[in-house]
Amino acid sequence: MRVVITGANRGLGFAFVEACLKRGYDVYACYRKDPGSLSTLHSQKLMRIQVDVTDESSLNAFQKKIQDYNETIDVLINNAGVLNGRDARVEAVEVNDMLTAFQVNALGPLLTVKHLLKHMEESNVKRIINISSNAASLNHAYAPDYPYGMTKVALNMFTEKLRKEVEGRGYRVYSVHPGWMRTDMGGASADISAIEAAEAIIQHFIEAAPEGAHTFYDYQGQPMVH
Ligand SMILES: NC(=O)c1ccc[n+]([C@@H]2O[C@H](COP(=O)([O-])OP(=O)(O)OC[C@H]3O[C@@H](n4cnc5c(N)ncnc54)[C@H](OP(=O)(O)O)[C@@H]3O)[C@@H](O)[C@H]2O)c1
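Per an unreviewed UniProt entry, the protein is named Short-chain dehydrogenase, and its organism is Halolactibacillus miurensis. Regarding the protein, the UniProt comment filed under Sequence similarities (unreviewed entry) reads as follows: "Belongs to the short-chain dehydrogenases/reductases (SDR) family."

Some thoughts on the pairing of strand E6 (residues 172–177)
Taken across its 6 residues, E6 has 5 buried, putting it largely inside the fold. Relative to E6, strand E5 (residues 127–131) is paired through 5 bridges, and the arrangement is parallel. Residue pairing for E6: Ile-131 is matched across the bridge by Val-176. With 3 bridges connecting them, E6 and strand E7 (residues 216–218) associate as parallel partners.

Points about the packing of aromatic side chains
Inspection of every chain in the model, using the stated rule, returns 4 aromatic pairs. For the pair Tyr-28 and Phe-62, a centre-to-centre distance of 5.2 Å together with 65° between the ring planes defines the contact as edge-to-face. In this pair, Tyr-28 is assigned in strand E2 (residues 26–31) and Phe-62 in helix H2 (residues 56–68), connecting sequence segments 34 residues apart. On the basis of relative accessibility, which here comes to 2%, the residue Tyr-28 falls in the buried class. With a relative accessible area of 2%, Phe-62 lands in the buried category. One aromatic cluster in this structure is built from Tyr-174, Phe-205 and Tyr-217. For the cation-ring pair, Lys-126 lies above Tyr-171, with the distance from its terminal atom to the ring centre recorded as 5.4 Å.

Observations regarding the layout of surface pockets
Of the voids in this model, the largest pocket is the one considered here, and its volume is about 960 Å³. Considering the residues around the largest pocket, the lining is formed by 38 residues, among which Asn-79, Gly-81, Val-82, Leu-83 and Met-185 are closest to the centre. For the lining of the largest pocket, the secondary-structure elements that each account for two or more residues are helix H1 (11–22) and helix H4 (146–165). The dominant element in the lining of the largest pocket, judged by the number of residues it contributes, is H1, at 3 residues. Lining the second largest pocket are 15 residues, and of these Arg-163, Tyr-171, Arg-172, Glu-211 and Gly-212 lie nearest its centre.

A word on the site of the ligand
As a matter of local geometry, the ligand sits amid 29 residues, with Asn-9, Arg-10, Asn-79, Tyr-148 and Thr-183 nearest to it. Between the ligand and the protein, one listed contact pairs an oxygen atom with a side-chain N or O atom of Arg-32 at 2.9 Å. Note that an oxygen atom of the ligand is positioned 2.8 Å from one of the backbone N or O atoms of Met-181. Bound to the protein, the ligand loses 93% of the 910 Å² it would expose on its own. In a pocket analysis with a 2 Å cut-off to the grid points, the ligand is assigned to the largest pocket. Broken down by secondary-structure element, the contributors of at least two residues to the shell around the ligand are H1 and H4.

So, the sheet that holds strand E3 (residues 46–50)
Spatial strand order, E3-E2-E1-E4-E5-E6-E7: 7 strands in an open sheet with parallel pairing. Every other strand in the sheet has two partners, leaving E3 and E7 as the edge strands with one partner each. Averaged over all pairs of adjacent strands, the angle between strand axes in this sheet comes to 20°, irrespective of strand direction. Sitting on the sheet, helix H5 (residues 194–207) touches strand E4 (75–78), E5, E6 and E7, and the angle it makes with E5 is about 145°.

Here we look at the packing of H2 against helix H3 (residues 95–116)
Two numbers describe how H2 lies on H3: the axes approach to 9 Å, and their chain directions differ by 30°. Of the possible angle classes, the one that applies to H2 and H3 is roughly parallel. For the element pair H2 and H3, the recorded crossing hand is right-handed. For the pair H2 and H3, the contacting residues are Glu-56, Leu-59, Asn-60, Phe-62 and Gln-63 in the first and Leu-111, Thr-112, Lys-114, His-115 and Leu-116 in the second. Class assignment of the residues belonging to the contact of H2 with H3 gives a composition of 4 nonpolar, 4 polar and 2 charged.

Conventions we followed
Residues numbered from 1 in each chain as written. Predicted model: local features only at pLDDT ≥ 70, side-chain atom pairs only at ≥ 80, totals over all residues. Heavy atoms only, no water. UniProt positions renumbered as here; feature names shortened; annotations may be inferred. Buried < 20%, exposed > 50% of the residue type's maximum accessible area, 1.4 Å probe, protein only. Helix = DSSP H or I, 4+ residues; strand = E, 2+ residues; numbered from the N terminus. Pairing = 2+ DSSP bridges. Phe/Tyr/Trp six-rings, centres within 6.5 Å; stacked < 30°, edge-to-face > 60°. Lys NZ or Arg CZ within 6 Å of the ring centre and 35° of its normal. 1 Å grid on protein atoms, 1.4 Å probe; cavity = no way out; pocket = protein on both sides within 12 Å on 5 of 7 lines; lining within 4 Å. Points joined across faces, edges and corners; volume = space filled by probe spheres on them. Near = heavy atom within 4 Å. Polar contact = N/O pair within 3.5 Å; in protein donor to acceptor, adjacent residues only side chain to side chain. Areas by Shrake-Rupley, 256 points an atom, 1.4 Å probe, with all protein chains shown as cover. Sits in = over half its atoms within 2 Å of the grid points. Axes fitted to C-alpha atoms, helices over the stretch in contact; angles between N-to-C directions. Contact = heavy atoms within 4.5 Å. Parallel < 35°, antiparallel > 145°, perpendicular 65-115°, else oblique. Left-handed = near helix turned anticlockwise from the far one by under 90°. Nonpolar A, V, L, I, M, F, W, Y, C, P; charged D, E, K, R; others polar.

Dropping the structure here:
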C-alpha cells in the first residue's frame, strides 16, 4: 500500500506518517519547506519530498518522480491546511488571508489530485481523503473565522464534484473532520491527540471505507451534515 500525505512534517500529517509506517505502508511524506519531525524517522518505507500544494511546479516535479519510478499511489491524504485571519470581523477581513486560505485549503487539494490522479488509476484501493473540518458545516456556522470556514466548504464541494467525476472507476472520496486535536493549529487544550485522529481515520477510511454517495464524515466514521 502506497500513501501520499501532504503537510506531513508536523501535526496530523506527521501522525499519519507514523501510523502508516507502523502498518508497513510505503509513505510519501510531503513537506512544504522544512522536513521538521520527519528528519527523526528512519525507515526504508519513508520517502520525504518537498511539495508546496499551492505551487504547481513542485507538484509537477513530484508527479514526474512517481512516473519515473513507475509507482502506483493507493491513498492520497490531502491534509495540509491553514487557519489564518481568525478573529477579523467582516469589516476587517484581509483579502490576502482569504486568498491564502483558499489556495492552501481548497485549491491545494484540487491541484494535488490534478497532478497525481493518473498514478492512482491502476490501484485497487483508490482512496482520496480530504481533511476537512466541522467548520465546513453550514448548519454549524460560527463567526468570524471567515477564511477557514469558507475554504473548507469549498473543499467539501471539491470532494463532492470529484466523487461524481470519478464515479464507476473504483474510487472512494471523502471529506473528513479529524476532531479537535492537540496540534499547533488546535492548541494544547483540544480534545484528542493527532495520533488518535490518524489511527481512527486510517481504520474507518482506508482499512474500512464507507460506500455510497455520502462524502462528509467525522474521524470516527460518523456521517456529518454539510
Ligand atoms: N487541529 C485541529 O483541531 C483541526 C480541526 C479540524 C480540522 N483540522 C484540519 O486538519 C489538517 C491538519 O491540521 P493540523 O492541526 O495538523 O495543522 P498544523 O499543525 O497547523 O499543520 C499544518 C500542516 O499543513 C502544512 N501546510 C500549510 N500550508 C502548506 C502548503 N502550502 N503546502 C504544503 N503544506 C502546507 C504545514 O506545513 P508548514 O509546517 O511548512 O507550515 C503543516 O505541515 C488541516 O487540514 C486542518 O485544517 C485540524
